[in-house]
Amino acid sequence: MGITDSFSTLKDVLIGIDNVQAIGTLMELQQQAYSILDENRELRLKFEEIERANEISGNLSFKNGAYYLQDDENPYCSNCWDLDKKLVHLTQAPRGTRLGNKRCPACANFFTVT
Ligand SMILES: [Zn+2]
């Protein structure tokens, strides 16, 4: 029986004995429990996100100013990974620019990747 089922059962009991104060207290407890459940869900998602980032970090190597994943020869933006833990492939920089040969489509930084 989950916490929400327990609240429903207790609510039915309190309605049966017609105790308004107890029903009011139960409703407050129920709201607090829902808040805790929501917070727990958010924390669980955040934790999974951190676990995912840690797992990816273990498979990244840094060279020539960019990150590389195993079995992927295309470089990833070091700025986006370092700041936001987002993997963004670098793309070819526009012709004629002297800022670098690769550019990040997300943060618009240029890189010189050989
Ligand atoms: Zn970037």
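Given the structure is predicted, the values throughout are model-derived calculations rather than measurements.

Caption draft 1: Representation of the domain arrangement of the chain within the structure. Domain annotation for the chain reports domain 1 (3–55) and domain 2 (60–111). Each of domain 1 and domain 2 has a C-alpha centre, and these two points are 44 Å apart.

Caption draft 2: Summary view of the coordination of the zinc ion. Those protein atoms acting as donors to the zinc ion are Cys77 (SG), Cys80 (SG), Cys104 (SG) and Cys107 (SG), and they sit at 2.2 to 2.4 Å. Here the zinc ion binds four donor atoms, and the angle range of 103 to 115° at the metal identifies the geometry as tetrahedral. Counting residues between consecutive donors of the zinc ion along the chain gives the motif C-x2-C-x23-C-x2-C.

Caption draft 3: Spotlight on the environment of Ser78. With respect to the helices, strands and loops of the structure, Ser78 is situated in helix 3 (residues 78–84). Ser78 sits 16 residues away from Phe62 along the chain, and the two C-alpha atoms are 8.2 Å apart. When near neighbours in sequence (up to four residues on either side) are disregarded, Ser78 contacts Phe62, Gly65, Ala66, Tyr67 and Phe111.

Caption draft 4: Just the nonpolar core, in detail. Formed by Ala66, Tyr68, Cys77, Cys80, Val88, Leu90, Cys104, Phe111 and Val113, the largest nonpolar core amounts to nine residues. Excluding residues that lie within four positions of it along the chain, Cys80 makes contacts with Lys85, Lys86, Val88, Cys104, Ala106 and Cys107. Ala53, Ile56, Leu60 and Tyr67 belong to the second largest nonpolar core, which has six residues in total.

Caption draft 5: View of the sheet that holds strand 5 (residues 110–111). With antiparallel pairing, three strands are arranged side by side in an open sheet as 3-4-5. Since the sheet does not close on itself, it has two edges, and those belong to strand 3 (91–92) and strand 5, each with one partner. Across two bridges, strand 3 lies against strand 4 (residues 102–103) in antiparallel orientation. In the sheet register, Thr91 faces strand 4, and the bridge partner there is Arg103.

Caption draft 6: Structural context of the packing of aromatic side chains. Summed over the entire model, instances satisfying the criterion amount to one aromatic pair. Over the ring of Tyr68 we find Lys63, and its NZ or CZ is 5.0 Å from the ring centre.

Cut-off values and rules
- Residues numbered from 1 in each chain as written.
- Predicted model: local features only at pLDDT ≥ 70, side-chain atom pairs only at ≥ 80, totals over all residues.
- Heavy atoms only, no water.
- Domains from an automatic or database assignment.
- Donors = N, O, S within 2.8 Å, 3.2 Å for Na, K, Ca; no water.
- Tetrahedral: all angles 85-135°; square planar, octahedral: opposite > 155°, others 65-115°.
- Helix = DSSP H or I, 4+ residues; strand = E, 2+ residues; numbered from the N terminus.
- Contact = heavy atoms within 4.5 Å.
- Core = buried A, V, L, I, M, F, W, Y, C linked by side-chain atoms within 4.5 Å.
- Buried < 20%, exposed > 50% of the residue type's maximum accessible area, 1.4 Å probe, protein only.
- Pairing = 2+ DSSP bridges.
- Phe/Tyr/Trp six-rings, centres within 6.5 Å; stacked < 30°, edge-to-face > 60°.
- Lys NZ or Arg CZ within 6 Å of the ring centre and 35° of its normal.

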